[in-house]
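For reference, the chains in residue letters:
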Amino acid sequence: MSRRRKHPQVNELKEKGNKALSSGNTAEAIKHYSEAIKLDSSNHVLFSNRSAAYAKKGEYQKALEDACKTVELKPEWGKGYSRKAAALEFLNRFEEAKKTYEEGLKHEPGNAQLKEGLQNMEARLAERNLMNPFNMPNLYQKLESDPRTRGLLSDPSYRELIEQLRNKPSELGAKLKDPRVMTTLGVLLGVDLASADDDDEAMSPPPPPPPPKKEPKPEPMEEDLPENKKQALKEKELGNEAYKKKDFETALEHYNKAKELDPTNMTYITNQAAVYFEKGDYDKCRELCEQAIEVGRENREDYRQIAKAYARIGNSYFKEEKFKEAIQFYNKSLAEHRTPDVLKKCQQAEKILKEQEKLAYIDPQLALEEKNKGNEFFQKGDYPQAMKHYTEAIKRNPNDAKLYSNRAACYTKLLEFQLALKDCEECIRLEPTFIKGYTRKAAALEAMKDYTKAMDVYQKALEFDSNCKEASEGYQRCLMSQYNRNDNPEDVKRRAMADPEVQQIMSDPAMRLILEQMQKDPQALSEHLKNPVIAQKIQKLMDVGLIAIR
């Protein structure tokens, strides 16, 4: 009795796996294929399909193992070699991939997929070798045959240098000062880099032309195409005309006929997906895009087409306002091919998602609870814990000015004056008449010994409430401190240079020149003070105690 008859559910499991793979559910596909393999371990198609699922999931080593098993079970089947070579290519084992394509063609000489794979792999290897001339297979033979490098080969340090450049071509730039490297490059590229051109001498043979970079395959002329592909293109054109007229049913009919005529071309499937996108059937659109990607991977389609399919899935999720999923597929598209439109759309989705998450987190009741916890810790003198709860309260209710004021008080206690100032600014922005925001800002400035600015802020608080004792006492304190100022110069300098505004002034070459000039010629100050911008900067340096005018 055959194995298939003994286990009738094998085909059923395989079909489930195929369906899961087509819809992009690789984990489910692998599960079904694995269950089928347990029942029929000599079925080469099951290992081939599971190899494709592993490759799609990014588990290339497992994809390779299954592909090897496929070849072992069915050595004459070309698809097994395609699977194996694709896995090796993903693992950057290009030489082995090339040999696998060649081995497959021995069994199926007419297999178009293997031929194209071999051609692409040879181009990639040639391009890689051209980018790193030290990586050519006959390297030492070429160096031995040229009198310019033959003698160098007896030096172990030279061989070590060559091996280093062979394995790490990125170090070539740093090694170009070594004359041996220039000589070697001349030999490998077939030119004399060490001497000028001489018309009387025979020219060195030119280096071989670089292989053409892998570009999207041009559309072949229609007369070169097989009959089925010609008919498929005609159906596609008819579908495009119907699509432009928004006659979607007719467009689908033509695209479906095109797909049946040429099932290896993913474009016809993505065209169908575009129709369903326009119709608002986003589930069907995504299902077709996943199928298109699978067909594209199978037939080594240009990465730009794969990227478009992923972007369309992203757009479908964006339309449904499922921004997290949209971002996931936009990133997949960008990984295949980076385009400004998709990048912009991805950033837009990220911005919306971030705002949604922020808004979803807002809860004034929970914010009040966190604020009360913060107040308790503040009263106990546990400022780090208080700050933690105030921060959580701000996330829960970012428009409550008092929360910023409370956290600013924590920062001031922890001597984090710049952060305290930032919170006070936000507090004042949200509630311009909230006096506590001004007095806490002034207190931070006072602690930084920026008495002039502190007095300005205390004065602002008094404009809102002339009876504010905290502001009135703070103003008097700053006034006396400014009058009696006698700081250690080193402390003044250290404190002043912690101020970002002072850092900016002192890093300005023009201001440094002005300060040097003032030091040599005090009379120059009056001229400079006529410029309001310079006057403001000098006033700032005076306020923080960096300069004094006698």
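Residues numbered from 1 in each chain as written. Predicted model: local features only at pLDDT ≥ 70, side-chain atom pairs only at ≥ 80, totals over all residues. Heavy atoms only, no water.

Structural notes on the state of the cysteines
By definition, a disulfide links two cysteine residues through a covalent bond between their sulfur atoms. A full pass over the atoms with the stated rule returns 0 disulfides. The thiol of Cys427 is not disulfide-bonded; the next cysteine sulfur, from Cys424, is found 6.6 Å away. (Disulfide = S-S within 2.5 Å.)

A look at helix 30 (residues 509–520)
Working note: α-helix, 3.6 residues per turn, so residues spaced by three or four point in the same direction. Taking 1.5 Å per residue as the helical rise, helix 30 with its 12 residues ought to reach 16 Å, and the 17 Å between its terminal C-alpha atoms agrees with that figure. Listed as buried for helix 30 are Met511, Ile514, Leu515 and Met518. The buried residues of helix 30 all sit within an arc of 100 degrees when viewed along its axis, so they share a single face. Structural note: helix 30 exposes Pro509, Leu513, Gln519 and Lys520 on the side pointing more than 90 degrees away from its buried face. Where helix 30 is buried, its residues meet helix 29 (500–506), helix 31 (524–528) and helix 32 (532–543). (Helix = DSSP H or I, 4+ residues; strand = E, 2+ residues; numbered from the N terminus. Expected span 1.5 Å × (residues − 1). Buried < 20%, exposed > 50% of the residue type's maximum accessible area, 1.4 Å probe, protein only. Arc of directions from axis to C-beta. Contact = heavy atoms within 4.5 Å.)

With respect to the packing of helix 4 (residues 44–57) against helix 5 (residues 60–73)
What describes two packed helices is the angle between their axes and the distance between those same axes. Interhelical geometry of helix 4 versus helix 5 gives an angle of 160 degrees and a closest axis separation of 8 Å. Judged on the interaxial angle alone, helix 5 and helix 4 are roughly antiparallel. Like other packed secondary-structure pairs, helix 4 and helix 5 cross with a definite hand, here left-handed. In this structure, helix 4 uses His44, Phe47, Ser48, Arg50, Ser51, Tyr54 and Ala55 to contact helix 5, whose residues at the interface are Tyr60, Lys62, Ala63, Asp66, Ala67, Lys69, Thr70 and Leu73. Of the residues that constitute the contact of helix 4 with helix 5, the class distribution is 7 nonpolar, 4 polar and 4 charged. (Axes fitted to C-alpha atoms, helices over the stretch in contact; angles between N-to-C directions. Parallel < 35°, antiparallel > 145°, perpendicular 65-115°, else oblique. Left-handed = near helix turned anticlockwise from the far one by under 90°. Nonpolar A, V, L, I, M, F, W, Y, C, P; charged D, E, K, R; others polar.)

Here's the deal with the environment of Ser41
Among the secondary structure elements, Ser41 is positioned in the loop between helix 3 (26–39) and helix 4. Along the backbone, Ser41 and Leu73 are 32 residues apart, and their C-alpha atoms lie at a distance of 9.6 Å.

A closer look at the pattern of salt bridges
All chains considered together, the criterion is met by 36 salt bridges. In this structure, the salt-bridge partner of Glu102 is Lys98, at a minimum N-O distance of 3.1 Å. With a gap of 4 residues between them, Glu102 and Lys98 both fall in helix 7 (residues 94–107), about one helical turn apart. Salt bridges sharing common partners tie together Asp283, Arg286, Glu320 and Lys322. (Salt bridge = Lys/Arg side-chain N within 4 Å of Asp/Glu carboxyl O.)

A closer look at the packing of aromatic side chains
Inspection of the entire model under this criterion finds 8 aromatic pairs. Ring plane angle 25 degrees and centroid distance 5.8 Å describe the contact between Tyr317 and Phe329, whose orientation is recorded as stacked. Of this pair, Tyr317 sits in helix 18 (residues 303–319) while Phe329 is found in helix 19 (residues 323–336), placing the two residues 12 residues apart along the sequence. One exposure class covers both Tyr317 and Phe329, and it is buried. Consider the rings of Tyr438 and Phe464, whose centres lie 5.4 Å apart with planes at 35 degrees: the pair is tilted. Within this pair, whereas Tyr438 is found in helix 25 (residues 435–447), its partner Phe464 is found in helix 26 (residues 451–464), the two being separated by 26 residues in sequence. Overall, the relative accessible area of 7% leaves Tyr438 in the buried class. By way of ring pairs, the aromatic residues Tyr310, Tyr317 and Phe329 are connected into one cluster. Across from the ring centre of Phe377, 5.3 Å away, lies the NZ or CZ of Lys380, which sits over that ring. (Phe/Tyr/Trp six-rings, centres within 6.5 Å; stacked < 30°, edge-to-face > 60°. Lys NZ or Arg CZ within 6 Å of the ring centre and 35° of its normal.)

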